[in-house]
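Each chain is listed here by its residues.
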Amino acid sequence: MPPKLKQGTRLTQCYGKPKKSRAAQLQAARNQRKLSKSNQLISPIQSRSTSSITGAEAIVQRGSPIPAPNSPPQQDLPLPSISATDTPTQDLPSTSTVDTPQPKEDKPVSISASKRKLSYLGPLPTVTAETDPELLPSTIVDLEKLSPLFMGLLCPFCAQPSLTLSGDATRNSGLAVFLQVKCKLCDKVVSSTTTSTRCDTQVYDVNRRAVAAACATGMGYAGLCNFTELMNIPSLHHRTFDCHVEVIKKCDLFSRDSLAKAVEQVHKSYSAEQDSEVKDINVSFDGSWQKRGHTSKSGIGLVIEQRTGLVIDFEILTSHCQICTTTGKKMQQENILKYERWLAIHKKDCDANYEGPSGGMEKEAALRMWSRSILNNKLRYVTLISDGDAKTITEIHQLNPYPGTSVTKHECINHVGKRLGTALRNLVAEKSKQTPKITLGGKGDGKLRPEVITKLTSYYSNAIRRNATVPGMKKAIMAILDHCRSTDDTPLHQGCPEGQDSWCFVQRAEARGLEPGSHMDNLGTPICQLVADSIQPVFERMASDDLLSRCVLQSTQNTNESAHAVIWARCPKHLFVNRNRLCIAVAIGVAEFNFGSASSREFIASLNLPCGVETKKRGDKWDKIRTRKAEAAVTEKAKKFRKLKAEAKQIEEQKLKEKFGEFYLTGGGD
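Residues numbered from 1 in each chain as written. Predicted model: local features only at pLDDT ≥ 70, side-chain atom pairs only at ≥ 80, totals over all residues. Heavy atoms only, no water.

A. Expanded view of the overall build of the protein. A count of helices and strands for the protein gives 25 helices and 8 strands. The buried share of the protein, reckoned over its 670 residues, is 36%. A sequence separation of at least 24 residues applies to 65% of the contacts in the protein between residues at least 6 apart. Here the protein displays about 41900 Å² of accessible surface, and carbon together with sulfur accounts for 54% of that area. (Helix = DSSP H or I, 4+ residues; strand = E, 2+ residues; numbered from the N terminus. Buried < 20%, exposed > 50% of the residue type's maximum accessible area, 1.4 Å probe, protein only. Contact = heavy atoms within 4.5 Å. Areas by Shrake-Rupley, 256 points an atom, 1.4 Å probe, with all protein chains shown as cover.)

Structure (structure tokens):
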């Protein structure tokens, strides 16, 4: 007999059910669809036995008599249409009826941000190439395999089967290869062509697509060369690659159209509340740098509207210009007057548009976007959701972009939660350096170990998320400290939430009319009195009215972080790129973040390139995968699974540290 659990003790169970095979999942789905269709067409009928009735016997027409067990089988007749007001014409005994599933109560369905954004554009236009079945897609071909296609053909000049396929390397243009069909006997050229069409009068389609793909995927010129080397296909010269990049970067109409569509959706979402032409909206802002650290020469800033989750404006800043670094610097050393004349002409085309330290890029990007918000977008960014590690809001207040209307800052609750962990870790380090030394960390009972700090940070973030008012947040935050330092002799659970669903084991027991268990067995994160007295000022500071009043929106910068991830996936952070590459990556990344694969097709169209069937097919597939993953990620089951997975990972890592020891310690080197 298993031991009896005390009140409040929880058993850790394996999360989830055994995974079914793919065939079993498909069969279960088919059965569910058949059952739902039959329940819409038939009414509950009499059954001789619920365990012996078959599906064929259960299908009875509305108003027809039930056949006897030994009666001859009736012919299958089409089921009549049934409306919601139809009633059975024959009284049926209610002794035994076929069970029909009862409708479940409607629950609020959480829609993912990806699904909401992809629905803004509505049904996308069909691709012209999709209606032409004879149009061949683009592909990579081993040209030697095409030679047998011409061996059996007759030469139109000598009427002999002597045609061959050959090429001329001097007439190749990048990835576009020149081919000709030539007769071996009469040495005459029958026909010739290249493996790619021209997208305009100067460049080939395949070369422009290759450069656009290299910029859109983050490969760059070196990655494209490595790809062509392994695939045994010709490549592009680096100067030709740079010329293509320059042309692609100038297609800023694509970027402006993408932002204009996002701004239009924002205006629609606020049109019912605000009648004025200029709308007041809530936005989240965050900056990001192209290289890690604080020495990056390029950075970006994004403004995302909170209700729609769309990027409505961005700014790209860079303090580096390759021409100024090479040509300009050399000219400045040789002739200063000639350099000044050259600089006056070059200034309008210079890549550098920012002077100052890398840390000031975020502030400068915000000032530029707030200054042009009314002129370009007819919007006022009156609420700024940002982290607290930059002086952005101070600079905006000094700028005063909207006279008579102030800009209010609200905190990202994820960053606020991290502040508590940082403050506790700093407190442990400070106390250990005092005289006399006070040890808050360590392995003792109730000490402030790293895993305890992580849990307290999580509790603090949850207290903010679960309360919409400042008094409620303050009470929940201070209840964390009182709960963790409680003992059997001194219980301090007055501020803990009440009810059977409370996270406090004492409040759960009282709600159920049971005797609470001991604190030693049920208190998950105990802290000793010394630690509690030391960290109480930190909790009081993190529960101030000024800080919590900026958390009432309960918003985060997750959308900004997601947008940054999409952008830097197209422009790797470990490699330096010039401004042109960065502009292309930001334009494509922002458009994809807003509207999915439709933006990729618009980008291709802006380069005067045809959009084929495979492009549309692959884009639609990625949109479905993106929506499916996003819909699954917002479910409660997925959230619980991620939490349990993170906890299991921490437990496993702690076991490995206890087994093999610590390898990275401050001052622990030889």
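B. View of a nonpolar patch on the surface. Taken together, the side chains of I140, M219, F227 and M231 make up a nonpolar region of the molecular surface, amounting to roughly 340 Å² of accessible area. Within the fold, M231 resides in helix α6 (residues 220-231). (Patch = residues over 30% accessible without salt bridge, like charges linked within 9 Å, V, L, I, M, F, W, Y side chains within 5 Å. Salt bridge = Lys/Arg side-chain N within 4 Å of Asp/Glu carboxyl O.)

C. Fine view of the packing of helix α9 (residues 322-334) against helix α10 (residues 336-346). Relative orientation of the contacting elements α9 and α10 amounts to 150 degrees, with a least axis distance of 6 Å. If you check the angle between α9 and α10, you find them roughly antiparallel. In this structure, α9 contributes I323, C324, G328, M331, Q332 and E334 to the contact, and α10 contributes I336, K338, Y339, W342 and H346. Of the residues in the contact of α9 with α10, the class split is 6 nonpolar, 3 polar and 2 charged. (Axes fitted to C-alpha atoms, helices over the stretch in contact; angles between N-to-C directions. Parallel < 35°, antiparallel > 145°, perpendicular 65-115°, else oblique. Nonpolar A, V, L, I, M, F, W, Y, C, P; charged D, E, K, R; others polar.)

D. Just the pattern of salt bridges, in detail. This structure, assessed with the given rule, holds 22 salt bridges. Between D205 and R209 there is a salt bridge, with its nearest N and O atoms 2.5 Å apart. Placement of both D205 and R209 in helix α5 (residues 205-217) is noted, with a separation of 4 residues, approximately one turn of the helix. A relative accessible area of 9% means that D205 is categorised as buried.

E. Focus on the packing of aromatic side chains. Scanning the model with the defined rule gives 5 aromatic pairs in all. Feature note: the residues F285, W370 and Y381 constitute an aromatic cluster, connected by ring pairs. The side chain of R171 reaches across the aromatic face of F178, ending 3.9 Å from its centre. Between R198 and the ring centre of Y204, over which it is positioned, the NZ or CZ distance is 4.2 Å. (Phe/Tyr/Trp six-rings, centres within 6.5 Å; stacked < 30°, edge-to-face > 60°. Lys NZ or Arg CZ within 6 Å of the ring centre and 35° of its normal.)

F. Here's a closer look at the sheet that holds strand β8 (residues 408-411). Sheet architecture is open: 5 strands sit in the order β6-β5-β4-β7-β8, paired in mixed fashion. The sheet is open, and its two edges are formed by β6 (311-318) and β8, each paired on a single side. Sheet twist, expressed as the mean angle between neighbouring strand axes with direction ignored, is 30 degrees. As judged from the 4 bridges shared by strand β7 (residues 379-386) and β8, these two strands associate in the parallel manner. Each bridged residue has a counterpart across the sheet, and for S386 the counterpart in β8 is E411. (Pairing = 2+ DSSP bridges.)

G. Up close: the nonpolar core. The biggest cluster of nonpolar side chains holds 33 residues, and the ones touching the most others in it are L448, Y460, I464 and I535. Going through the elements one at a time, α14 (413-433), α15 (450-465), α16 (470-484), α19 (529-542) and α20 (545-548) are the ones with two or more residues in this core. If you look at the next biggest cluster of nonpolar residues, it comprises 26 residues, including Y270, V283, I396 and Y402. (Core = buried A, V, L, I, M, F, W, Y, C linked by side-chain atoms within 4.5 Å.)

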